[in-house]
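Descriptive structure summary
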Amino acid sequence: MAALRAEVRAFLAEEFPPELEERVYRSGVSHDDTFVRRLAERGWVGPGWERADGRRALGPYEAHAVVDELTKAEAPVYAIGTTEMVANVIRAVGSEALRAEILPRFLRGEVTIALGMTEPEVGSDVAGVRTRARRDGERWIVNGQKMFTTNGHITDYIFLLTRTRPDGPKHAGLTMFLVRLDQPGIEAQAVYTLSGERTNILYLSDVVVEDRWRIGDVDGGWKALMIALQDEHSAPFSPHLARLVEAVEQWARERGRIDEPDVRERLGRWATALRVAQLLELRTIWMVANGQVPVAEGPMSKLFSTESIAGAAEDLTELVGPDALRGRLDPTAVVGGRIEHALRFSLGTTIYAGTSEIQRNIIAQQRCGLPRK
């Protein structure tokens, strides 16, 4: 595994130069077509997938190591990560024609897909969507809005959750579609988060979608959605914590403060939390490798990791003091502004992939046997 990690780091040194890193930081867009194509050439797009070209699929732990290194470097892989989530859904419940159209292109790094689930007045309650798809023969007419469609202004498609039956239980009557974004009736409006990331509000007005782009059964979108959310709930966040801890350790060594009791206590506290976060992630990998679904273990991992990132960012910023608040574009910033950016980024992590409250509810219901609120 160490050799594979070294190989990924060497790849990053060559393919993720400072110029690209700065462009990603300034634009807030974590995607680069060329970088993704280079990843695909190495077999690191969908690294655990079987391939027709005879390239060996990586094992679960190997695939995790690749993702861990790319995430820790903050490489531009967000769009290909959401694409893999959707590709997993298409592989599980998509039509044969849709699988043939999308999956080979995904593995070659030739297609990108954004997520279109959250809506402005819905938030984490994805079953409450109001975007409506009305059937018209062999096509559907879609109207509505989507929020936090990160990369939706540059991707080829959006994974769109719609309501196709307005009556009945809200978890029923949902249908998923893969919708091309280069067609009339779709407008992406930029929204920037506190961390500088660009996301979007997506407006859909009388958008025509042929039925062949439907994923799963009509009114059966909840099943497809759960496949995607399970992947999202198990997404690794510990690399972000590792990046922060290493940055503060570097600062302490450069300032000759590494042996101060307060510095050692705080770094030790968050190094311990990092190790726990990594072990929780490895537990989800172990479960998947053994044919189990980490229904509650994924949320446990996500919850602990993101709450730790938020706590560490606040605590370690306090340790470093005012110097920590100088950002990357300030040439006097300590450790390249990584501490300042980590503080801003940390505040959103407890919302991404479902809020901490949502994760606690899942854990309570799925592992503790508690009733729904």
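Worth saying up front: this structure is predicted, and the values here are computed from it rather than measured. (Residues numbered from 1 in each chain as written. Predicted model: local features only at pLDDT ≥ 70, side-chain atom pairs only at ≥ 80, totals over all residues. Heavy atoms only, no water.)

**Side note on the overall build of the protein chain**
The cut-off we apply is this: For the purposes of this entry, the term helix denotes a DSSP run of H or I that reaches at least four residues, the term strand denotes a run of E that reaches at least two, and both are numbered from the N terminus. It is over C-alpha atoms that the radius of gyration is taken, and the globule rule equals 2.2 Å times the number of residues to the power 0.38. Throughout, a residue-residue contact means that at least one pair of heavy atoms, one from each residue, lies within 4.5 Å. With residues, only the protein chains shown are counted as cover, and all accessible areas are computed by Shrake-Rupley using a 1.4 Å probe.
Along its length, the protein chain carries 12 helices and 8 strands. The globule rule puts the C-alpha radius of gyration for 373 residues at 21 Å, and the 21 Å found for the protein chain is close to it. With the C-alpha coordinates aligned to their principal axes, the bounding extent of the protein chain is approximately 70 × 50 × 40 Å. Here the contacts in the protein chain between residues at least 6 apart in sequence split such that 71% fall between residues at least 24 apart. Summed over its atoms, the accessible surface of the protein chain is roughly 17200 Å², and 52% of this surface lies on carbon and sulfur atoms.

**A few points about the side chain of arginine 163**
To be explicit about the condition: The classification of residues rests on relative accessible area computed with a 1.4 Å probe and restricted to protein chains. Under 20% of the type maximum is buried, over 50% is exposed, and intermediate values are partly exposed. Neither His nor the chain ends contribute to the count of charged residues, in which Lys and Arg are positive and Asp and Glu negative. Only one rule defines a salt bridge in this text: a Lys or Arg side-chain nitrogen within 4 Å of an Asp or Glu carboxyl oxygen.
Secondary-structure assignment places arginine 163 in strand 4 (residues 157-163). It turns out arginine 163 is buried and unbridged, and the closest side chain with the opposite charge, aspartate 219, is 7.6 Å from it. Here arginine 163 is in contact with Ala127, Gly128, Val129, Thr131, Arg132, Ala133, Pro169, Lys170, Ala172, Gly173 and Leu174, once residues within four sequence places are set aside.

**Topic: the pattern of salt bridges**
For the coordinates displayed, the defined rule picks out 36 salt bridges. Note that arginine 38 is salt-bridged to glutamate 41, the shortest N-O span being 3.6 Å. Residue arginine 38 and its partner glutamate 41 are both found in helix 3 (residues 33-41); the two are separated by 3 residues, about one turn of the helix. Arginine 38 sits in the partly exposed class, given a relative accessible area of 31%. Salt-bridge contacts for aspartate 182 lead to arginine 180; the nearest nitrogen and oxygen are separated by 2.9 Å. For aspartate 182, a relative accessible area of 57% puts it in the exposed group. Where salt bridges share partners, they join Asp262, Glu265, Arg266, Arg269, Asp315 and Glu318 into one cluster.

**Description of the UniProt feature "domain: Acyl-CoA dehydrogenase/oxidase N-terminal" (unreviewed entry) in the protein chain**
Stated precisely, the cut-off is as follows: UniProt positions are given in the numbering used here, feature names are shortened, and annotations may be inferred rather than shown by experiment.
Per the UniProt record, "domain: Acyl-CoA dehydrogenase/oxidase N-terminal" (unreviewed entry) is annotated on residues 3-110. Taken end to end, residues 3-110 is 68% helix and 0% strand, and its two terminal C-alpha atoms sit 28 Å from one another.

**Quick word on the pairing of strand 6 (residues 186-192)**
Using the following cut-off: The rule for pairing is simple: two strands pair if DSSP sees at least two bridges between them.
Where strand 6 lies against strand 7 (residues 198-210), 7 bridges are found, and the strand directions are antiparallel. Its bridge partner being in strand 7, glutamine 189 is matched across the sheet by isoleucine 201. In textbook terms, the turn of a hairpin is the stretch between consecutive antiparallel strands, and for strand 6 and strand 7 this stretch comprises 5 residues, one of which, glycine 196, has a positive phi near 95°.

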